[in-house]
Amino acid sequence: MIKLYDEALSGNCHKVRMLLSFLGLEYESVPISVPDLEHKTPEYLAMNPLGKVPVLEDGGEIIRDSQAILYYLARKYGNGEWLPEGDAASGHVMEWLSFAANEMIHGCAMARALVLFNREGDRDAARALAEQCLDILNGHLEGRDWLVGTAPAVADIACYVYAGLVHQGGVDPLTYANVAAWLARVEALPGYVGMAALPAGDN
Ligand SMILES: N[C@@H](CCC(=O)N[C@@H](CS)C(=O)NCC(=O)O)C(=O)O
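Residues numbered from 1 in each chain as written. Predicted model: local features only at pLDDT ≥ 70, side-chain atom pairs only at ≥ 80, totals over all residues. Heavy atoms only, no water.

Caption draft 1: Layout of the site of the ligand. Among the 13 residues in the neighbourhood of the ligand, the closest are listed as His39, Lys52, Val53, Asp65 and Ser66. In the model, an oxygen atom of the ligand is placed 2.9 Å from a nitrogen or oxygen of the histidine 39 side chain. At a separation of 3.1 Å, an oxygen atom of the ligand approaches a polar side-chain atom of glutamine 67. One can see that the ligand is located within the largest pocket. For the shell around the ligand, a count of residues per class yields 4 nonpolar, 6 polar and 3 charged. (Near = heavy atom within 4 Å. Polar contact = N/O pair within 3.5 Å; in protein donor to acceptor, adjacent residues only side chain to side chain. 1 Å grid on protein atoms, 1.4 Å probe; cavity = no way out; pocket = protein on both sides within 12 Å on 5 of 7 lines; lining within 4 Å. Sits in = over half its atoms within 2 Å of the grid points. Nonpolar A, V, L, I, M, F, W, Y, C, P; charged D, E, K, R; others polar.)

Right, dumping it as structure tokens:
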């Protein structure tokens, strides 16, 4: 059975929970408490030397990093969905996975973490970058339903979570009309699951 080393409040873990649910895959969630430093034990570091969640275990294969896990699961179990075909579409998916792992983490996720977990850091700088990320998403989504092509893809999941959670950091994504419509579109997909501070979904 697939195992997800999982922290309930982690948006990066939530990206993986969402795709597992969209794909209808059964899995075991292994809770890893970040506050209790369970991601820094020798056993955990043997799986992920970076000491971060999520990690996915599937048939003896260990994959770390939410973007990498999304790509792996979509390739292995997606039946042609979630990863659009073609050279250009693949390149665009990678653009958004990289955006999710870089700008959105330093902007949207950081703005949230500074407030929610009372971390030290520059809240104004994180919010400014979060607003820039939402602006970029909003512009790109003008006239489009999904980030790449005409169907939802791993790019949408990777960017959705911290765009949806950034209100916890004091930036309201719903003031960006195209982003608001896209968030609602993701939340209406069959199999959508929420987490604390994201809509609950059906499951
Ligand atoms: N690029 C990684 C980042 C993972 C990451 O930063 N996870 C956070 C939780 S959302 C974590 O483990 N933080 C604890 C720490 O860095 O000590 C991914 O997308 O999975």
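Structure's up, so let's keep going.
Caption draft 2: The arrangement of the sheet that holds strand β4 (residues 61-64) in detail. Strand order in the open sheet made by the 4 strands is β2-β1-β3-β4, with mixed pairing throughout. Of all strands in the sheet, those bounded by a partner on one side alone are β2 (27-31) and β4. This sheet shows a mean twist of 20° between the axes of neighbouring strands, independent of strand direction. Where strand β3 (residues 55-58) meets β4, 4 bridges bridge the pair, whose relative direction is antiparallel. In the sheet register, aspartate 58 faces β4, and the bridge partner there is glutamate 61. Against the sheet, helix α1 (residues 11-22) engages β1 (2-6), β2 and β3, with an angle of about 150° to β1. (Pairing = 2+ DSSP bridges. Helix = DSSP H or I, 4+ residues; strand = E, 2+ residues; numbered from the N terminus. Axes fitted to C-alpha atoms, helices over the stretch in contact; angles between N-to-C directions. Contact = heavy atoms within 4.5 Å.)

Caption draft 3: Representation of the side chain of asparagine 138 in the model. Mapped onto the elements of the fold, asparagine 138 is located in helix α6 (residues 123-140). At 3.1 Å, the side chain of asparagine 138 forms a polar contact with the backbone nitrogen of valine 179.

Caption draft 4: Summary view of the pattern of salt bridges. On inspection of all chains with the given rule, the structure shows 3 salt bridges. Of the charged contacts, one joins arginine 17 and aspartate 6 as a salt bridge, the two residues approaching to 2.5 Å between their closest N and O atoms. Of this pair, arginine 17 sits in helix α1 while aspartate 6 sits in strand β1, and the two are 11 residues apart along the sequence. The exposure class assigned to arginine 17 is buried, which follows from its relative accessible area of 11%. Two residues, lysine 76 and aspartate 58, come together in a salt bridge whose shortest N-O distance is 3.1 Å. Within this pair, whereas lysine 76 is found in helix α3 (residues 66-77), its partner aspartate 58 is found in strand β3, the two being separated by 18 residues in sequence. (Salt bridge = Lys/Arg side-chain N within 4 Å of Asp/Glu carboxyl O. Buried < 20%, exposed > 50% of the residue type's maximum accessible area, 1.4 Å probe, protein only.)

Caption draft 5: Representation of the domain arrangement of the protein within the structure. In terms of domains, the protein is made up of domain 1 (2-77) and domain 2 (87-187). The gap between the C-alpha centroids of domain 1 and domain 2 is 21 Å. Counting from both sides, the interface comprises 12 residues of domain 1 and, opposite them, 14 residues of domain 2. A combined buried area of about 1,100 Å² lies between domain 1 and domain 2, and 78% of that area is made up of carbon and sulfur atoms. The largest contributions to the domain 1 side of the interface with domain 2 come from Leu9, Lys15 and Gln67, which together make up 40% of the buried area. For the interface between domain 1 and domain 2, the tally reads 0 salt bridges. The interface formed by domain 1 and domain 2 holds 3 residue pairs in polar contact (both at pLDDT 80 or more) in total. Counting residues per element, the ones that place at least two in the side of domain 1 that touches domain 2 are α1 and α3. Counting residues per element, the side of domain 1 that touches domain 2 draws most heavily on α1, at 7 residues. Tallied by class, residues from the side of domain 1 that touches domain 2 come to 6 nonpolar, 5 polar and 1 charged. (Domains from an automatic or database assignment. Buried area = accessible area lost by both parts, 1.4 Å probe.)

Caption draft 6: Region of the structure containing the layout of surface pockets. By volume, the largest pocket amounts to about 790 Å³. Around the largest pocket, the lining comprises 28 residues; the ones closest to its centre are Ser10, Asn12, Lys52, Val53 and Tyr162. Elements that contribute at least two residues to the lining of the largest pocket include exactly α1, α3 and α5 (103-116). For the lining of the largest pocket, the element with the most residues is α5, which contributes 5 residues. Split by residue class, the lining of the largest pocket holds 13 nonpolar, 8 polar and 7 charged. In this structure, the lining of the largest pocket is formed jointly by two domains, domain 1 (2-77) and domain 2 (87-187), each of which donates at least three residues. Each pocket or cavity is described by its volume, and for the second largest pocket that value is around 180 Å³. Tyr71, Ala74, Arg75, Gly80, Glu81, Leu83, Pro84, Glu85, Ser90, Val93 and Met94 together form the lining of the second largest pocket. Going through the elements one at a time, α3 and α4 (87-101) are the ones with two or more residues in the lining of the second largest pocket. For the lining of the second largest pocket, the class distribution of residues is 6 nonpolar, 2 polar and 3 charged. (Points joined across faces, edges and corners; volume = space filled by probe spheres on them.)

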